[in-house]
Amino acid sequence: MTSITYLEAIRAAQAHALKEDSRVFIYGQDVGAFGGAFKATKNLAKEFPGRVMDSPISEDAMIGMAIGAAIEGMRPIVEMQFADFSTCGLNQIANHAATLFYRTEVPCPLVVRLPSGGTSGGGPFHSQSLEAIYAYFPGLVVMTPGTVEDAYTMLLEAINIDDPVIFCEHKFLYYHLKAESLPTTALPANKARVTRPGRDATIVTYSAMLHESLAAAAELSQDGYEIEVVDLRSVKPLDTDTILASVARTGRLLVVSEAFPWGGVAAEVIARVTAEGFGLLDAPPQRLNAKDTPVPYHPALWGTHRPTASTIASALHRLLKL
Amino acid sequence: MEQQANNNCKSTTTGGTLEIASDLYCQAYRLMLTARLLEEKLAALKRSGKIVGGVFLGRGQEALSVALGIHLRKGDIYAPLIRDQAGRLAFGEGMLDALRTYLGSALGSMRGRDGNIHRGRPREGYFAMISHLGAMVSAVCGALIARRFRGETSIVGATCIGDGGTSTGSFHEGLNLAAIEKLPLVVVVANNQYAYSTPNSSQFACHHLVDRAIGYGITGHRVIGNDLADCLKVLQKAVAAARTGGGPQLVVADLLRLIGHADHDDASYITEAQKQSPLGRDCLILAQNTILEKRWMSQEELDLWQKEIEVEIEATTTRVLREPAPDPEEELWIPFATSHIHSES
Ligand SMILES: Cc1ncc(C[n+]2csc(CCOP(=O)(O)OP(=O)(O)O)c2C)c(N)n1
Ligand SMILES: [Mg+2]
């Protein structure tokens, strides 16, 4: 039986889109003959001559170029070499792509792929989770798939969507995460998923933290607690209904995110649940983020900087006693 | 007159001896006059409180602006900037879109969602600038790459920028990208000596901005920015070169903006010496003098043009002032184009 990794699913989705839709092309540093820093575009330049283009190290111009092409009816996919470097293109994303449709009624269908999140040894500039920055700006869709199947179907949906999509794919999952085959059906990207049903508390999470959270939930089940795990899948739009329905079942909420704590996705989820579902809560909602420092390089420091199954389990124990 | 800029670089050119036909010159003049009169109306509307927000005028830069717009065709891409009323008119924008956007009419192309110079019709190749200087260069590159994918040839993409805008990373990245991809891009730099109040000496240290072309490996052109004939010649050459496979063209004009940065600015930082220098001469008056000296048109004919334009401006203004403003109750407050994405409450 063959298996497919999260990274291969991303490559397969791009291959599928290139094959099916002549408007799709890929632009990024080293994505052509070399196949990309992570090989997410391996062999695509050969299979689709002229449509997988190497770019200069010009994140601003890469996005600007994609915007102009999108206005003219193309469906560009821009690969950032690392999510961290997308900040050099932030102006074009936030002020140009995100505002275009609202200002002009002309859609801006582009996808920016951000290899995101921490891996051992990544350090401050190759580890960041920037979904909250992009979710802040009106007009951007921000996807944060945490499974192989979602990586595939959500990237296809991202390419089809008429709006700019920031596609946060997690580098930690690239090689670790495997599925037996590519999915044939898909949940729409704007819907969260209850990955593990439960009774005693809800974890709302996304991306790589889904797996740490599932491990923590498994650990607590040995003590007789049933923890529900909700995978947001997309942080914008945010599926508040699914979150509230889960909190209605459990009465307790822990939000887990690998991003920095200040004003992020976890804060937004808690704000919404507090404002719209205060009466559903049996205890103050809690959040667990990475620490409020740059992401450290050394594995010992990095492993403590981000939430892990064991720190999530501790946070759950505390929440259950509140 | 063509100069070899450097051994293994593309050439730097100036207008040279190319002759400009009188009808093209007069047509350009009419557009310049229209831009000037329309902008004077915009300034008056601002003073009388009818326009909310800034009014950015291109007084003194009409010759350069029109010379680009007039050499573009339907199907080309045009991304004008703040001082390009003349070029916008030449590219085919009616004064209706300008007035509607400035006056915030719900019927305008921007529907009150954006204002003043931040307007366009991107589907028609007329891009709507964002404020962030330099950002439009790479967007035009992208449009040209899309056209290349579709196999379209003989098209040109053009954008404009000021001396200050050339200091942005965006400008550099965009031009470099265009050069790598050998795109039919024309970038027109209006060096009006100041970026807001900042003089050239605090903006760049190269001898002349056109020298930047050498660094990018593209063709550079110098132009006398208040001389309509020179502007028409150089832009004709640059646009034709881009259209016929010559790659990106950087056109740098020297001129002076004869008005403040925006309506609130008296431009007291522009020196008397600069105002009295050849740079300070008004391109519109120079062009009018040329038309009269060469007897291409009589004073009476020019006066008639002015009347016609004034009548159109007044009629359009009256019409737009009666148009509805955007209604916040009817505004959808949705920034997304995709229907299932904005189901979020
Ligand atoms: C990236 C960026 N920074 C700052 C501004 C604010 N700003 C608007 S116009 C301007 C001066 C522009 O000067 P220049 O490019 O020479 O054009 P000019 O106004 O002289 O036509 C500045 C600083 C801006 N629009 N974009
Ligand atoms: Mg200037």
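Residues numbered from 1 in each chain as written. Chains lettered and ligands numbered in written order. Predicted model: local features only at pLDDT ≥ 70, side-chain atom pairs only at ≥ 80, totals over all residues. Heavy atoms only, no water.

Chemist: Kindly report on the environment of S234 of chain A, identifying the contributing residues and their values.
Modeler: Residue and element names in this part refer to chain A. Here S234 shows up in strand β12 (residues 234-236). For the pair S234 and N190, spaced 44 residues apart in sequence, the C-alpha to C-alpha distance is 6.0 Å. Sequence-distant contacts of S234, that is, excluding residues within four places in its chain, are made with V142, M143, T144, M154, A189 and N190. Within the structure, S234 has its side chain in polar contact with the backbone oxygen of A189 (distance 2.6 Å). (Helix = DSSP H or I, 4+ residues; strand = E, 2+ residues; numbered from the N terminus. Contact = heavy atoms within 4.5 Å. Polar contact = N/O pair within 3.5 Å; in protein donor to acceptor, adjacent residues only side chain to side chain.)

Chemist: Any details on the interface of chain A and chain B? Residues and values, ideally.
Modeler: Taken together, the contact between chain A and chain B spans 42 residues of the former and 45 residues of the latter. Overall, the association of chain A and chain B removes approximately 3,700 Å² of surface from exposure, summing both partners, and the carbon and sulfur fraction of that is 59%. Interface area lost by chain A to chain B is led by E72, Y102 and R103 of chain A, which between them contribute 23%. For the pair chain A and chain B, the interface holds four salt bridges. With a closest N to O distance of 3.3 Å, R150 of chain B and E72 of chain A form a salt bridge. Summed over the shared surface of chain A and chain B, the number is 22 residue pairs in polar contact (both at pLDDT 80 or more). Sorting the residues of the side of chain A that touches chain B by element identifies β2 (24-28), β3 (52-54), α3 (59-71) and α4 (90-104) of chain A as the ones contributing at least two each. (Buried area = accessible area lost by both parts, 1.4 Å probe. Salt bridge = Lys/Arg side-chain N within 4 Å of Asp/Glu carboxyl O.)

Chemist: Describe the site of ligand 1, and please don't skip the residues or the numbers.
Modeler: All names here are of chain B. In the vicinity of ligand 1, 14 residues are found, and the nearest of them are R83, G164, G165, N192 and Y194. G164 is positioned with one of its backbone polar atoms (N or O) 2.8 Å from an oxygen atom of ligand 1. Backbone polar atom of Y194 to an oxygen atom of ligand 1: 2.9 Å apart, as the coordinates give it. Looking at side-chain class alone, the shell around ligand 1 contains five nonpolar, seven polar and two charged residues. (Near = heavy atom within 4 Å. Nonpolar A, V, L, I, M, F, W, Y, C, P; charged D, E, K, R; others polar.)

Chemist: Describe the nonpolar core, with residues and values.
Modeler: Counting residues in hydrophobic clusters, the biggest one holds 154 residues, and the most contacted among them are V269 of chain A together with L68 and V186 of chain B. With 14 residues, helix α1 (residues 22-47) of chain B is the single largest residue contributor to this core. Apart from the residues lying within four places of it in its own chain, the contact partners of L68 of chain B are Y78, A158, T159, C160, V186, V188, L235 and V239 of chain B. (Core = buried A, V, L, I, M, F, W, Y, C linked by side-chain atoms within 4.5 Å. Buried < 20%, exposed > 50% of the residue type's maximum accessible area, 1.4 Å probe, protein only.)

Chemist: An account of the domain arrangement of chain A is requested, with residue identities and associated values reported.
Modeler: All names here are of chain A. Once the domains are mapped, chain A shows domain 1 (4-179) and domain 2 (193-321). Averaged C-alpha coordinates put domain 1 and domain 2 at centres separated by 26 Å. Counting from both sides, the interface comprises 30 residues of domain 1 and, opposite them, 25 residues of domain 2. Regarding the contact of domain 1 and domain 2, the summed buried area is about 2,100 Å², with carbon and sulfur atoms giving 57% of it. If you sort the residues of domain 1 by the area they bury against domain 2, E131, T144 and D150 come out on top, with a joint share of 19%. Seen at the junction of domain 1 and domain 2, the total is two salt bridges. R193 is the partner of D150 in a salt bridge, and the nearest nitrogen-oxygen pair spans 2.9 Å. Taken together, the links from domain 1 to domain 2 amount to ten residue pairs in polar contact (both at pLDDT 80 or more). (Domains from an automatic or database assignment.)

Chemist: Could you give an account of the coordination of the magnesium ion (ligand 2), with specific residues and numbers?
Modeler: The textbook angles at a metal center are 109.5 degrees for a tetrahedron of four donors and 90 or 180 degrees for an octahedron of six. All names here are of chain B. Those protein atoms acting as donors to the magnesium ion (ligand 2) are D163 (OD), N192 (OD1) and Y194 (O), and they sit at 2.0 to 2.1 Å. Here the donor residues of the magnesium ion (ligand 2) are spaced in sequence according to D-x28-N-x1-Y. Pair noted here: D163 is in the loop between β4 (157-162) and α6 (169-181) and N192 is in the loop between β5 (185-191) and β6 (194-195), with a separation of 29 residues, a long-range link. Look at D163 and you get buried, because its relative accessible area is 1%. You can call N192 buried: its relative accessible area is 6%. (Donors = N, O, S within 2.8 Å, 3.2 Å for Na, K, Ca; no water.)

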